[in-house]
Amino acid sequence: MKNIMVTGGAGFIGSAFVRRMVQKYPDFRIVVFDKMTYAGNLDNLLPVKDSSNFAFVQGDIADREVVRGALEQYGIDTVVNFAAETHVDRSILSPDAFIFSNVVGVHILLESALKHKIERFVHVSTDEVYGDVEEGFSVETDPFAPNSPYAASKAGGDLMVRAYHITHGMNTVVTRGSNTYGPYHYPEKLIPFFVTEALDDRPLPVYGDGKQVRDWLHVEDHAGGVETVLMKGVAGEAYNVAGENLQYNIDVTHRILKLLGKPESLIKHVPDREGHDRRYAMNCDKLRALGWQRDYNFDSGLEATVGWYKANEWWWRKIKTGEYLEYYKQQYAARLAAVQG
Ligand code: DAU
């Protein structure tokens, strides 16, 4: 296993995986393949961009020719697929891109991998495929019940990977991660959005009562989970990567405000996200049995993350312009107006 193509490697979790692999395995060549959509960011790769075992190709996983070219040019033997449209709210506003990347894109990547005789195909999926988990913890064999266009598109990709293992005997493994946080997180997601808004004394739009539960996992622990599955996962299997750290959104919001020394009056309870899942929770014993363990706890992990956003305004201020502001208006203007009168 020497030439690894990391699709979506300029995004949040993908780039954390790339930074880890480039530094930890100097004998592996890590080739980032990224479409560079709004969420892809070469700044995320600055710490490794000059490493001799790093290469970058701009391309879409749904573009057969470009994928084939990259697989051939770099003699790729392993694919790790992080490429995806990932934001639930955007999937409600404009679902098309989610089907193209997360279903059609995964299908074309699998077809290309099959033709190229890829030795190992790792697919990064999500806990959202299990849907709303009112109580208990999802295990890998639970049925899928996705509730948003995003989650349904990820379920489609996840099932295509399963099909290529069963139909073609492809050496595939799947990871299903929980809500991830940490540095370089695009500021549309709860934690980086609220941290950067609060820094500017702007309102924090909490959907509904804020009593939805998410399981927070540090991005380094998520990347470590994908690494473990790449190295040790059994072909055809899926592995949950969980934070085992269930939190109400409203509690996370209070913690952020406290860490920043900002007033609770910034909190605005706005009309809820449509089809909003109340709770995600997974069991990750199967991954632990491969030797994976987490290095971060939420208290210090969140504090360090908030510190990172305070220290790295250069990274997020240039994101919060242009298309981002258009999206903000579409997603939040009416919601905030509804509660601000
Ligand atoms: O569970 C894993 C998933 O976590 C990933 O598969 C997704 O790609 C990722 O986006 C994330 O999905 P969520 O919808 O849980 O993440 P998000 O950060 O959008 O929201 C977290 C919670 O916070 C959710 O209950 C909605 C709520 N929220 C979010 C935003 C952006 C708010 O109350 N207000 C907001 O403005």
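In this text, all values refer to a predicted model and were calculated from it rather than measured experimentally.

Trainee: Kindly report on the sheet that holds strand 5 (residues 120–126), identifying the contributing residues and their values.
Mentor: The strand order across the open sheet formed by seven strands is 3-2-1-4-5-6-11, and the pairing between neighbours is parallel. The sheet terminates laterally at strand 3 (54–58) and strand 11 (238–241), the two strands that pair on one side only. Direction aside, neighbouring strands of the sheet carry axes that sit 20 degrees apart on average. As paired strands, strand 5 and strand 6 (residues 172–177) are joined by six bridges and run parallel to one another. In the strand pairing of strand 6, Ser 125 is matched with Arg 176.

Trainee: Let's hear about the site of the ligand: which residues, and what values?
Mentor: The ligand sits among 25 residues. The nearest are Thr 126, Asp 127, Tyr 150, Arg 273 and Tyr 332. Contacts to the ligand include Thr 86, whose backbone N or O atom sits 2.8 Å from an oxygen atom. In the model, an oxygen atom of the ligand is placed 2.7 Å from a nitrogen or oxygen of the Tyr 332 side chain. Considering the ligand on its own, with 690 Å² of exposed area, one finds that the protein chains cover 95% of that surface. Of all the secondary structure elements, the ones that give two or more residues to the shell around the ligand are helix 6 (190–199) and strand 8 (204–207). Residue composition of the shell around the ligand, grouped by class: 10 nonpolar, nine polar and six charged.

Trainee: Explain the nonpolar core to me, using residue names and the numbers behind them.
Mentor: Buried together is how nonpolar side chains tend to be arranged in soluble globular proteins. Counting 39 residues, the largest nonpolar core has Ile 4, Phe 17, Val 18, Met 21, Ile 30, Val 80 and Phe 82 as the members making the most contacts within it. Elements that contribute at least two residues to this core include exactly strand 1 (3–7), helix 1 (12–24), strand 2 (29–34), strand 5, helix 7 (219–232) and strand 11. Here the element with the most residues in this core is helix 1; it accounts for seven residues. Apart from residues no more than four positions distant in its own chain, Val 80 is found in contact with Ile 4, Met 5, Val 6, Thr 7, Phe 17, Val 122, Val 226 and Leu 230. Counting residues in hydrophobic clusters, the runner-up holds 33 residues, among them Tyr 181, Trp 216, Leu 257 and Trp 308.

Quick notes on the rules
- Residues numbered from 1 in each chain as written.
- Predicted model: local features only at pLDDT ≥ 70, side-chain atom pairs only at ≥ 80, totals over all residues.
- Heavy atoms only, no water.
- Pairing = 2+ DSSP bridges.
- Helix = DSSP H or I, 4+ residues; strand = E, 2+ residues; numbered from the N terminus.
- Axes fitted to C-alpha atoms, helices over the stretch in contact; angles between N-to-C directions.
- Near = heavy atom within 4 Å.
- Polar contact = N/O pair within 3.5 Å; in protein donor to acceptor, adjacent residues only side chain to side chain.
- Areas by Shrake-Rupley, 256 points an atom, 1.4 Å probe, with all protein chains shown as cover.
- Nonpolar A, V, L, I, M, F, W, Y, C, P; charged D, E, K, R; others polar.
- Core = buried A, V, L, I, M, F, W, Y, C linked by side-chain atoms within 4.5 Å.
- Buried < 20%, exposed > 50% of the residue type's maximum accessible area, 1.4 Å probe, protein only.
- Contact = heavy atoms within 4.5 Å.

So far we have only geometry, and geometry alone does not tell us how the molecule works.
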